[in-house]
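Structure assessment
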Amino acid sequence: MTVAKVHFPRGIAFPCKSTQLVARSRASVFGTVAAAHAALEDGIACNLAGGTHHAFAAEVTGFCVFNDIAVAARALQREGLIGRAVIVDLDVHQGDGTAAIFAGDSSVFTFSMHGAKNFPFRKQKSSLDVELPDGCGDGEYLARLEEHLPRVLEEADAQLLFFQAGVDPLEGDRLGRLKLSLDGLRRRDRLELRSARALKLPAVVTLGGGYARPVSLSVEAHLGTFREARGVLEREDEL
Ligand SMILES: [Zn+2]
């Protein structure tokens, strides 16, 4: 494997610049591409990695090597499987790479809800950005999401949703600055996925950030996302 074409500026923030990192990053991208295909079949599909939304088309930043969601959206468009996609990015940090990649492309709607004062400090312009104040808790967060999500999904008029389900809005996250509870994050995920299902919109779920101490809190939060995804599908089966 060659890494000759991969540029590693200081922004990567990884100590390791290795072929293993590139291999891992490529596998993560393909996980989201595979999940996107599976979502069209099954309704909801999840990647246990991905959501590396700070990666630009030709720039590596903020722990993100390749922008898996952007690659997957483009791949499915080029395969003729979808015409339009919507990306809902609820990581606490703005999906700046994703926003830049799809700037001026009306076939992909990018929605990012993130901390106003958090990284990246030079924000890009998504189709819709919602900025949250430091210390934002469950009530305000969920109210803002409920306020904007229906309009996002309607305006996007997409055939596939990508949900970047970062769990770094969790209270106590070292890089978060917000104060969501574990229950608040699960309600977020439920709202997101139920809204998609109500529109019969296939959904791809990826990871995102999560930097709590102890790390088990972030793991629990990520687990909550996948439990909600399963729950949404199982409840439909019961109907
Ligand atoms: Zn993040």
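Because the structure is predicted, anything quoted here is derived from the model rather than measured.

Looking now at the coordination of the zinc ion. With distances of 1.9 to 2.1 Å, the protein atoms coordinating the zinc ion are Asp91 (OD), His93 (ND1) and Asp168 (OD). Residue classification places aspartate 91 among the buried residues on the basis of a relative accessible area of 2%. Its relative accessible area of 0% is what places aspartate 168 among the buried residues.

What follows concerns helix α6 (residues 215-238). Under the 1.5 Å per step criterion, the end-to-end length of α6 is 35 Å for 24 residues, consistent within 8% with the ideal 34 Å. Along α6, the residues that are buried comprise Ser218, Ala221, His222, Gly224, Thr225, Phe226, Glu228, Ala229, Gly231 and Val232. On the buried face of α6, the contacting elements are β1 (44-46), α5 (182-198) and β6 (203-206).

Strand order in the open sheet formed by 6 strands is β1-β6-β5-β2-β3-β4, with parallel pairing between adjacent strands. Because the sheet does not close on itself, it has two edges, and the strands there are β1 and β4 (128-132). Averaged over all pairs of adjacent strands, the angle between their axes in this sheet comes to 15 degrees, without regard to strand direction. Bridge count for β1 against β6 is 3 bridges, and the pairing is parallel. Bridge assignment links cysteine 46 to a residue of β6, and that residue is valine 205. Packing of helix α4 (residues 138-156) onto the sheet brings it into contact with β2 (85-89), β3 (108-115), β4 and β5 (160-164), and relative to β3 it is tilted by some 170 degrees. Here α6 sits on the sheet in contact with β1 and β6, set at roughly 160 degrees to β1.

If you trace the backbone, histidine 148 turns up in helix α4. For histidine 148, a relative accessible area of 11% puts it in the buried group.

Helical geometry note: an α-helix holds 3.6 residues per turn, so side chains three or four residues apart project in the same direction. For α4, spanning 19 residues, the distance from its first C-alpha to its last is 26 Å, which sits close to the expected 27 Å at 1.5 Å a residue. Buried residues of α4: Asp138, Tyr141, Leu142, Leu145, His148, Leu149, Val152, Leu153 and Ala156, and no others. Contact partners of the buried residues in α4: β2, β3, β4, β5 and α5. Just downstream of α4 lies aspartate 157, where phi reads positive at about 50 degrees.

Conventions we followed
Residues numbered from 1 in each chain as written. Predicted model: local features only at pLDDT ≥ 70, side-chain atom pairs only at ≥ 80, totals over all residues. Heavy atoms only, no water. Donors = N, O, S within 2.8 Å, 3.2 Å for Na, K, Ca; no water. Buried < 20%, exposed > 50% of the residue type's maximum accessible area, 1.4 Å probe, protein only. Helix = DSSP H or I, 4+ residues; strand = E, 2+ residues; numbered from the N terminus. Expected span 1.5 Å × (residues − 1). Contact = heavy atoms within 4.5 Å. Pairing = 2+ DSSP bridges. Axes fitted to C-alpha atoms, helices over the stretch in contact; angles between N-to-C directions.

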